[in-house]
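Structural characterization, general
These are the residues of each chain, in order.
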Amino acid sequence: MIPWLEEAGMVALITVAVTVYAVILGLLMLGIDRKLSARMQSRVGPPIRQPFRDMFKLFCKENIVPEHAVAWIFNAAPLVALASAVTVLLYIPAGSIVLPIFGESGDLILVMYLLTVPALALVAGGFASGSPYATVGAQREMVTMIAYELPLAIAIIALAWRLSAAGIANPFSIAVVAGVGTRTTIWDVVGPFGVVGCLILLLVLVWVTPAELSRVPCDTPEAETELAGGVIVEYSGRNLALLTAAQGVKSVAMAGLAVALFLPWNPSWYYSLAPATAMAVDFVFYLVKITAVLFISVSVIRVSMARFRITQVVSLYWGYLGLAGLIGLALIVADVVTGAGAVV
Amino acid sequence: MSDETGKKAPFSLPIGPIHPALKEPILFTFKVNGEKIEDLDFAPGKAHRGIEWMGMRRNPVQISHLTDRICGICGVSHTLAFCRAVEQIAGIEVPVRAHYIRTIIAEYERIQSHLLWAGVAAHELGFDTLFHLAWRVREESMDVIELLTGNRVNYGIVQVGGVRRDITPDQLPAVERSLSYYEGLFGRMLELFLEDRTIAMRCRDCGVLFREDALKLGTVGPTSRASGLVMDVRYDSPYAAYGDVDFEPVMPEQYRGEAVGDVYDRIVVRVLEVEQSISIIRQCLAMMPEGAVTFEPKIPKLLGLLKKAEGEALGRVEAPRGECLHYVRMNKADAPEAWKVKASTYSNQLSWLEILRGEQVADIPIIVASIDPCMSCTDRVALLRPDGATVVTGEYLHRLSVEKTRRLMP
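Note that this is a predicted model, so its numbers are computed, not measured. (Residues numbered from 1 in each chain as written. Chains lettered and ligands numbered in written order. Predicted model: local features only at pLDDT ≥ 70, side-chain atom pairs only at ≥ 80, totals over all residues. Heavy atoms only, no water.)

Glancing now at the overall build of chain A. Per the secondary structure count, chain A includes 13 helices and 0 strands. In sequence order, the secondary structure elements of chain A are arranged as α-α-α-α-α-α-α-α-α-α-α-α-α. The C-alpha atoms of chain A give a radius of gyration of 20 Å, which matches the 20 Å a tight globule of 344 residues would have. When the 344 residues of chain A are sorted by exposure, 54% land in the buried category. The long-range fraction of contacts in chain A, counting pairs at least 24 apart against all pairs at least 6 apart in sequence, stands at 80%. Total accessible area on chain A stands at roughly 14000 Å², and carbon and sulfur atoms take up 73% of it. The distance from the centre of the 18 positive side-chain charges to the centre of the 19 negative ones in chain A is 12 Å. (Helix = DSSP H or I, 4+ residues; strand = E, 2+ residues; numbered from the N terminus. Rg over C-alpha atoms; globule rule 2.2 N^0.38 Å. Buried < 20%, exposed > 50% of the residue type's maximum accessible area, 1.4 Å probe, protein only. Contact = heavy atoms within 4.5 Å. Areas by Shrake-Rupley, 256 points an atom, 1.4 Å probe, with all protein chains shown as cover. Lys, Arg positive; Asp, Glu negative; His and termini not counted. Charge placed at Lys NZ, Arg CZ, Asp CG, Glu CD.)

Residue and element names in this part refer to chain A. Residues Y270, Y271, L273 and V281 make up a contiguous nonpolar surface patch of roughly 420 Å² in combined accessible area. Positionally, Y271 belongs in the loop between α11 (267-270) and α12 (275-303). Judged by its relative accessible area of 57%, Y271 is exposed. (Patch = residues over 30% accessible without salt bridge, like charges linked within 9 Å, V, L, I, M, F, W, Y side chains within 5 Å. Salt bridge = Lys/Arg side-chain N within 4 Å of Asp/Glu carboxyl O.)

Facing 29 residues of chain A, the contacting portion of chain B comprises 33 residues. For the chain A face of the interface with chain B, the top three residues by lost area are T225, E226 and R309 of chain A, together amounting to 23%. Put simply, chain A and chain B have 1 salt bridge between them. At the surface where chain A touches chain B, the tally comes to 9 residue pairs in polar contact (both at pLDDT 80 or more). (Buried area = accessible area lost by both parts, 1.4 Å probe. Polar contact = N/O pair within 3.5 Å; in protein donor to acceptor, adjacent residues only side chain to side chain.)

Another point: the packing of aromatic side chains. Residues and elements named next belong to chain B. What the rule picks out here adds up to 13 aromatic pairs over all chains. Consider the rings of Y235 and F247, whose centres lie 6.1 Å apart with planes at 80°: the pair is edge-to-face. Of this pair, Y235 sits in helix α10 (residues 233-236) while F247 sits in the loop between α10 and α11 (253-256), and the two are 12 residues apart along the sequence. Looking at F247, the relative accessible area reads 8%, which means it is buried. Among the aromatic side chains, those forming a connected cluster through ring pairs are F28, F30, F42 and W352. One Lys or Arg, R57, reaches over the ring of W53 and ends 4.0 Å from the middle of that ring. (Phe/Tyr/Trp six-rings, centres within 6.5 Å; stacked < 30°, edge-to-face > 60°. Lys NZ or Arg CZ within 6 Å of the ring centre and 35° of its normal.)

Our next topic: the side chain of S84 of chain A. All names here are of chain A. By the secondary structure assignment, S84 is in helix α3 (residues 71-91). Exposure remark for S84: the relative accessible area of 5% places this residue in the buried category. Among the polar contacts listed, one links the side chain of S84 to the backbone oxygen of V80, at a separation of 2.8 Å. Leaving out residues up to four positions away in the same chain, S84 has contacts with L114, V117 and P118.

Here the focus is the confidence of the model for chain A. Averaged over every residue, the pLDDT of chain A is 84; the share at 70 or more is 96%. Least confident of the elements in chain A is helix α9 (residues 224-227) of chain A, whose mean pLDDT is 73; most confident is helix α2 (residues 50-60) of chain A, at 92. (pLDDT = per-residue confidence, 0-100.)

Residues and elements named next belong to chain B. Bridge count between strand β7 (residues 322-331) and strand β8 (residues 338-342): 5 bridges; the pairing is antiparallel. If you follow Y327 over to β8, its bridge partner there is K340. Hairpin remark: β7 followed by β8, antiparallel, with 6 residues in the connecting loop; positive phi at K332, about 50°. (Pairing = 2+ DSSP bridges.)

Here we take up the confidence of the model for chain B. Residues of chain B with pLDDT of at least 70 account for 97%, and the chain-wide mean is 87. Model confidence for the complex: the whole-complex pTM is 0.83, and ipTM, which rates the interface, is 0.75.

Look at helix α1 (residues 3-40) of chain A: 54 Å from first C-alpha to last across 38 residues, which is about the 56 Å you get at 1.5 Å a residue. Taken from the residues just after α1 of chain A, S42 of chain A is the one with a positive phi, measuring 50°. (Expected span 1.5 Å × (residues − 1).)

Our next topic: the packing of helix α4 (residues 96-124) of chain B against helix α6 (residues 172-194) of chain B. Working note: a packed helix pair is described by the angle between its axes plus the distance between those axes. Residues and elements named next belong to chain B. α6 packs onto α4 with a crossing angle of 30° between their chain directions and a minimal axis gap of 13 Å. Regarding α4 and α6, the two cross each other, and that crossing is left-handed. The residues of α6 that touch α4, namely those facing Y108, I111, L115 and A118, are V175, S178, L179, Y182, M189 and F193. In the contact of α4 with α6, the residues fall into 9 nonpolar, 1 polar and no charged. (Axes fitted to C-alpha atoms, helices over the stretch in contact; angles between N-to-C directions. Left-handed = near helix turned anticlockwise from the far one by under 90°. Nonpolar A, V, L, I, M, F, W, Y, C, P; charged D, E, K, R; others polar.)

As structure tokens, this is what we get:
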């Protein structure tokens, strides 16, 4: 057996396994979100397995490509969206499980770029649909993307910079940020200023999540009542199923990122457990954490607000959240300058 | 796709005839530049059912059941307007108790209509929680309407000469329960609809209809009141029991201090009118005298009387959406010689051109919904061959009527 072929086979195997895991977990999260928001709206809501049924139904349905669409871009967009969302998950640790397939070669900056790919794919697919609704939706998706990038980048970079200031090597590595192996989190190195700064940045990240996932109040690109689905209005059948799966995986990826950055604790750090048990317990705890993050940043926000206009999205993210991010950053800088906090 | 639908600005964005933003079919065509609406046009006539045509082949008692079905929301208003016109022609004196029952049902209808609208408006804004809550709260009034009339939607209670059912003492506790339920809820509704930040962000200074424009375009009902025009058929020319009841037209000034005429003001007027309706129902229940509820319970005798009637009359009623007007002409026959329905949306729809121009695409659903349009009330004609259609201007129609007047009165 040729060594590189064996390695490639391993990577392919892990990727397939992760894809299956990611889609199942993503759809489960969508189901939980639907059920919880229904309960908050005093409705019964669909059963949690509803997204799986929807997915199955969509795969049985005809896949229509509109006459005016650019067929290859239109068909490629859902695949690219799903693939890039799954790729993000490959880099984000799940509990104490860190996938070794890319070794040290992925970091936070890469994840930030990868997170924009599903949105870009949607924009391309929207423009390629040849529908005025999709065109307006794609324009909005682009604007939304530009709007939330700034606060997201501030939150991630501020965190990594603080870790490097604390003397931690390779601070942009996700495994390092998540304290895998080192058991050192951001909360262990910051002083009082830093704690406030980090809390502000956590809040910023919570608010970036609905925009990243196109959920109310930032579902302007899809805007059911205005654009009848916007970017995804022309999608049906298999393509729509893939987009739904991508949406679920993206939710898990965003929540996973928030968990890795701000809530990386694992039960196995505090209780001595057998390796296999530790891994299982950590994983279950990780699931609880991402469910909680999604509950707060998606379900609660979306049941308590109306949809924003696109101009309001921009002013919210560039104005208020950008400012909040900068304040958080300034506090973290102050933390380092005053010499508060621990040095590892 | 036409040439104008290309990617070059301004491109045309069709909304309708079927679209999630619209609860009933109508076709809007927007010229959009980026997110801004530069120009628009709309084509109603997609929900025409020929009810007037059906009516001209039926007697007034039968028509009163057709008028119930003109609109699924304001059935009482249409029937009441029609019956008032017929009663006027035939010289029928409606018993006082029937007047009170008509008022009570009409006000319950206003409560359920405004709550339905509030839910729709919240949904148009993407605020689904409020939509579900508003519609759940609305059920209370639907239940009372069902208790009093026997039906949830097409009530079938108003009839020429009175009403078809009396309100019995054993129904009063349920009515009382619903009234105190809404009274207890009212503060919460104000808070949810008028103090919510996102609703204020989306609705303030959006879709503004200035006072002069509201007057010029002949708007009616909550749409005109939100623009600062003090007009309410119930107050200006009282009918049924409204003359006995103490109330004033609801104006946005009562809540906000000024009438801006934006979408927010239209929400204010409708939410406050729910409170007003509760007070009107309470007053009616307190003052309602005993007595008969219909002028003539025997339908054949009533029909015999109506068959002898001759003349023409206008019946006006303040429907939840604004003035609803029925014109009836009878000429000693079973069926009326002419019957014309002008629903409130007919008067309000032209304000769309004014309030949508220059606004953003995102605001189309809420602005369109803000006048509470009812296309099945409005549509009186359907264009089968739009290619051969010619546009008739206001000046042309005016010239025609001047010519006709000169011919009639030389």
